[in-house]
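The lines below spell out each chain.
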Amino acid sequence: SKLDRFVTKFLSTSLVESEFALVDSAAMLRKTIALVSLQAAVKHIVIHSEFQELPLIRADEYLLEHAVLNVINNAVEALDDGGTIKMSAEMVRQEDQDYVAIEIADDGYGMNRSRLRAISSGSSERGTASGRGFGLFITREVAQYHGGHLEIESSRNSGTRVRILLPVAMPET
């Protein structure tokens, strides 16, 4: 039902209606970890987190929080009983633009190349019967909606690393 509410809000929201504000991404990530910590503990999954001091980003916190939750939920699903999820956030510079890079990595079963291509190309096709991949598609759309992008690295039996890059908020003059 959470995903249904998210998709409904996301698809019905226009730029004018979005609730963009300055967001402390480290605080939002700590809140998100708290939301999934019980689910992870039940599966004996350890979540390690490391967040540098980060500049603010201009974002719709609701959309961004759910985009991060999509990635974490995929990581939890990819791990059997046990495993590790590493979350970090740092400021990076790409192509003369400063970004907050939110990284979520797991040591699960990973994805094959065709699944990675489908997600990167924007295909919303599901690669498995359980529908995994739709959450990453939505996460990619949220990142782009915020002027950022998504990077995914994965290989079978070696885990997956997802980076959500969001532009740093420019100071208002």
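## Focus: the packing of helix 2 (residues 25–42) against helix 3 (residues 61–78)
The description of two helices packed together rests on the angle between their axes and the distance between the axes. Contact geometry of helix 2 with helix 3 gives a least axis separation of 10 Å together with a crossing angle of 40 degrees. In terms of axis orientation, helix 2 runs oblique to helix 3. You can see that helix 2 and helix 3 cross each other, and the crossing is right-handed. Seen from helix 2, the contacting residues are Met28, Leu29, Lys31, Thr32, Leu35, Val36 and Gln39; seen from helix 3, they are Glu61, Leu64, Glu65, Val68, Leu69, Ile72, Asn73 and Val76. Grouping the amino acids of the contact of helix 2 with helix 3 by side-chain chemistry returns nine nonpolar, three polar and three charged.

## Regarding the nonpolar core
In this structure, Leu29, Val68, Ile85, Met87, Ile102, Ile104 and Ile164 are the most contacted members of the largest nonpolar core, which totals 36 residues. For this core, the elements supplying multiple residues, two or more each, are helix 2, strand 3 (57–60), helix 3, strand 4 (84–94), strand 5 (97–106), helix 5 (134–145), strand 6 (149–155) and strand 7 (159–167). No other element matches the seven residues that helix 3 contributes to this core. If sequence neighbours within four positions are ignored, Ile164 has contacts with Val68, Val71, Val100, Ala101, Ile102, Thr139, Ala143, His149 and Leu150. Ranked by size, the runner-up nonpolar core spans five residues in total, among them Ala67, Phe137, Ile138 and Val142.

## Considerations on unusual backbone geometry
For Glu95, which is not a glycine, the phi torsion comes out positive at approximately 45 degrees. Within the element layout of this structure, Glu95 appears in the loop between strand 4 and strand 5.

## A few points about the pattern of salt bridges
In total, this model carries seven salt bridges according to the counting rule given. Arg140 serves as the salt-bridge partner of Glu141, at 2.8 Å between the closest nitrogen and oxygen. By relative accessible area, which is 10% here, Arg140 ends up buried. Between Glu151 and Arg163 there is a salt bridge, with its nearest N and O atoms 3.1 Å apart. One end of the pair, Glu151, is in strand 6; the other, Arg163, is in strand 7, and twelve residues separate them in sequence.

## Concerning the confidence of the model for the protein
Mean pLDDT over the protein stands at 85; residues scoring 70 or higher make up 80%. The least confident element of the protein is helix 1 (residues 2–12), whose mean pLDDT is 64; the most confident is strand 5, at 97. Across residues 124–130, where pLDDT falls below 50, the model places eight contacts with residues more than four positions away in sequence or in other chains.

## A few points about the sheet that holds strand 6
The strands making up a sheet associate through backbone hydrogen bonding, with each pair oriented either parallel or antiparallel. Read from one edge of the open sheet, five strands run 2-4-5-7-6, paired in mixed fashion. A strand with exactly one partner marks an edge of an open sheet, and here the two such strands are strand 2 (46–51) and strand 6. Sheet twist, expressed as the mean angle between neighbouring strand axes with direction ignored, is 15 degrees. Bridge count between strand 4 and strand 5: ten bridges; the pairing is antiparallel. Bridge assignment links Ala89 to a residue of strand 5, and that residue is Ile102. Packed onto the sheet, helix 2 meets strand 2, strand 4 and strand 5 and runs at close to 175 degrees relative to strand 2.

Criteria and cut-off values
The residue numbers shown here count from 1 along each chain, following its written sequence. In keeping with the model being predicted, local features are shown solely for residues with a pLDDT of at least 70 and side-chain atom pairs are shown and tallied solely at 80 or more, while totals for entire chains, interfaces and linings include all residues. Side-chain numbers here rest on the full set of heavy atoms in the structure, without hydrogens or water. Axes, fitted as lines to C-alpha atoms, cover a helix only where it is in contact. Angles between the N-to-C directions of the axes lie from 0 to 180 degrees. Strands are runs of DSSP state E lasting at least two residues, helices are runs of H or I lasting at least four, and both sets are numbered from the N terminus onward. Here the word oblique covers every angle except those under 35 degrees (roughly parallel), over 145 (roughly antiparallel) and from 65 to 115 (roughly perpendicular). By convention, the crossing between two helices is left-handed when the near helix turns anticlockwise from the far helix through less than a right angle, and right-handed when the turn is clockwise. Any two residues whose heavy atoms approach within 4.5 Å are treated as being in contact. Three classes are used, and their members are as follows: Ala, Val, Leu, Ile, Met, Phe, Trp, Tyr, Cys and Pro are nonpolar, Asp, Glu, Lys and Arg are charged, and the others, Gly among them, are polar. Only buried Ala, Val, Leu, Ile, Met, Phe, Trp, Tyr and Cys residues count toward a nonpolar core, and they belong to the same one when joined by side-chain atoms within 4.5 Å. For the exposure calls, accessible area comes from a 1.4 Å probe over protein chains only, and a residue counts as buried if that area is under 20% of its type's maximum, exposed if over 50%, partly exposed in between. Salt bridges, as used here, are contacts in which a Lys or Arg side-chain nitrogen is within 4 Å of a carboxyl oxygen on Asp or Glu. For every residue, the predictor states its confidence as a pLDDT score lying anywhere from 0 to 100. Strands qualify as paired when DSSP identifies two bridges or more between them.

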